[in-house]
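Observations on chain architecture
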Amino acid sequence: MRWLLALPLVVMLAACGQTGTNEAGYISGDGRTQEIPVADRREPVELTGETLEGKPFDLADTRGKVTVLNVWWTGCAPCRKEMPMLQAAYEELGDEVAFVGLNTRDASAAQGLAFERHYGVEYPSVYSPDGAAVLALKGSLAPRAIPATAILDTEGRVAALIRGEIPSARTLDELISAAGKSGEGSA
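Remember, predicted model here, so these are calculated numbers, not experimental data.

Thresholds, definitions, all that
- Residues numbered from 1 in each chain as written.
- Predicted model: local features only at pLDDT ≥ 70, side-chain atom pairs only at ≥ 80, totals over all residues.
- Heavy atoms only, no water.
- Disulfide = S-S within 2.5 Å.
- Buried < 20%, exposed > 50% of the residue type's maximum accessible area, 1.4 Å probe, protein only.
- Salt bridge = Lys/Arg side-chain N within 4 Å of Asp/Glu carboxyl O.
- Phe/Tyr/Trp six-rings, centres within 6.5 Å; stacked < 30°, edge-to-face > 60°.
- Helix = DSSP H or I, 4+ residues; strand = E, 2+ residues; numbered from the N terminus.
- Core = buried A, V, L, I, M, F, W, Y, C linked by side-chain atoms within 4.5 Å.
- Contact = heavy atoms within 4.5 Å.
- 1 Å grid on protein atoms, 1.4 Å probe; cavity = no way out; pocket = protein on both sides within 12 Å on 5 of 7 lines; lining within 4 Å.
- Points joined across faces, edges and corners; volume = space filled by probe spheres on them.
- Nonpolar A, V, L, I, M, F, W, Y, C, P; charged D, E, K, R; others polar.
- Pairing = 2+ DSSP bridges.
- Axes fitted to C-alpha atoms, helices over the stretch in contact; angles between N-to-C directions.

1. A look at the state of the cysteines
Tallied over the entire structure, the rule returns one disulfide. The disulfide partner of Cys76 is Cys79, and the S-S distance across this bridge is 2.4 Å. Handedness here is read from the sign of the S-S torsion; for Cys76 and Cys79, about 80°, the answer is right-handed. Residue class for Cys76 comes out buried when judged on its relative accessible area of 0%.

2. Describing the pattern of salt bridges
Counted under the stated rule, the structure contains six salt bridges. The partner of Asp153 in a salt bridge is Arg157, and the shortest N-O contact between them spans 2.8 Å. Judged by its relative accessible area of 11%, Arg157 falls in the buried class. Of the charged contacts in the structure, one is a salt bridge between Glu155 and Arg157, with a shortest N-O distance of 3.6 Å. What you see here is one network of salt bridges that share partners, running through Arg41, Asp153, Glu155 and Arg157.

3. Some words on the packing of aromatic side chains
Any two aromatic rings considered together are summarised by their centre-to-centre distance and by the angle between their planes. Counted according to the given criterion, the structure contains five aromatic pairs. Between Tyr90 and Phe99 the ring centres are 5.8 Å apart and the planes differ by 85°, which places this aromatic pair in the edge-to-face class. Taking relative accessible area as the criterion, Phe99 reaches 3% and is therefore assigned buried. Look at Phe115 and Tyr119: their rings are 4.8 Å apart centre to centre, the planes differ by 50°, and that puts the pair in the tilted class. In this pair, Phe115 and Tyr119 both sit in helix α3 (residues 109-119), four residues apart, roughly one turn of the helix. The exposure class of Phe115 is buried, given its relative accessible area of 6%. An aromatic cluster is defined as three or more aromatic residues linked by ring pairs; in this entry it consists of Trp72, Phe115 and Tyr119.

4. Some details on the nonpolar core
Within the largest apolar cluster, 47 residues are counted, with the highest numbers of intra-cluster contacts made by Phe99, Ile151 and Ile176. Elements represented by at least two residues in this core include exactly β4 (66-72), α2 (77-93), β5 (97-104), β7 (148-152), β8 (158-163) and α4 (169-183). Excluding its chain neighbours within four sequence positions, the residues that come into contact with Ile176 are Val66, Val68, Leu93, Val97, Phe99 and Ile151.

5. Re the layout of surface pockets
The computed volume of the largest pocket comes to approximately 160 Å³. Residue lining of the largest pocket: 14 residues in total, with Ile36, Asp40, Arg42, Ser140 and Val158 positioned closest to the centre. It is β8 that contributes the most residues to the lining of the largest pocket, three residues altogether. Split by residue class, the lining of the largest pocket holds five nonpolar, three polar and six charged.

6. So, the sheet that holds β4
Spatially, six strands are ordered β1-β8-β7-β4-β5-β6 in an open sheet, and the strand pairing comes out mixed. If you trace the sheet from one side to the other, it starts and ends with β1 (32-35) and β6 (125-128), each paired once. Put simply, the sheet's adjacent strands are angled 15° from each other on average, direction ignored. Alignment of β5 against β6, held across four bridges, turns out to be parallel. Among the inter-strand pairings, Asn103 is bridged to a residue of β6, identified as Tyr127. Strands β4, β5 and β7 of the sheet are contacted by α2, whose axis makes an angle of about 160° with β4. Most of the contacts of α3 go to β4, to which it runs at about 115°, and overall it touches β4, β5 and β6.

Right under this line is the structure:
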């Protein structure tokens, strides 16, 4: 009989530990960052696909540069908030650092393109409505976590992760810088 009285409490406590799925079917991260020590980095990320413009894309073409991979969706409020920061970083670092979006969940490429036009995004985004492109990160990010950012070193290995909205431009700059330094001489 006691277990019947405790059941509602257990259910309430279990629900409190969840980081909302927002009824939209995605998991919002908490903005935590994680740097991956060079010795612990896995194989380079392999990712091919089509951009929102329908052009072929191969992540291997970015090797030799630090690469920022940002997972976004037009229905994600934190994505809308961080997009101007990413575009500003691209404008500042574009020749030295590659930026690539991973557009997930949009029903059409046209939706993603309209979003990019609105925010003035000039770097490519791979269109992956089923989120399969995120699987290329080999377990580094949850496939349904939006937004999320992976920073790859010059060899294409995950050097840092941001789960959720990018906390600040300074955080992004520091993680990019650290990934660039850690990739020097490690080839």
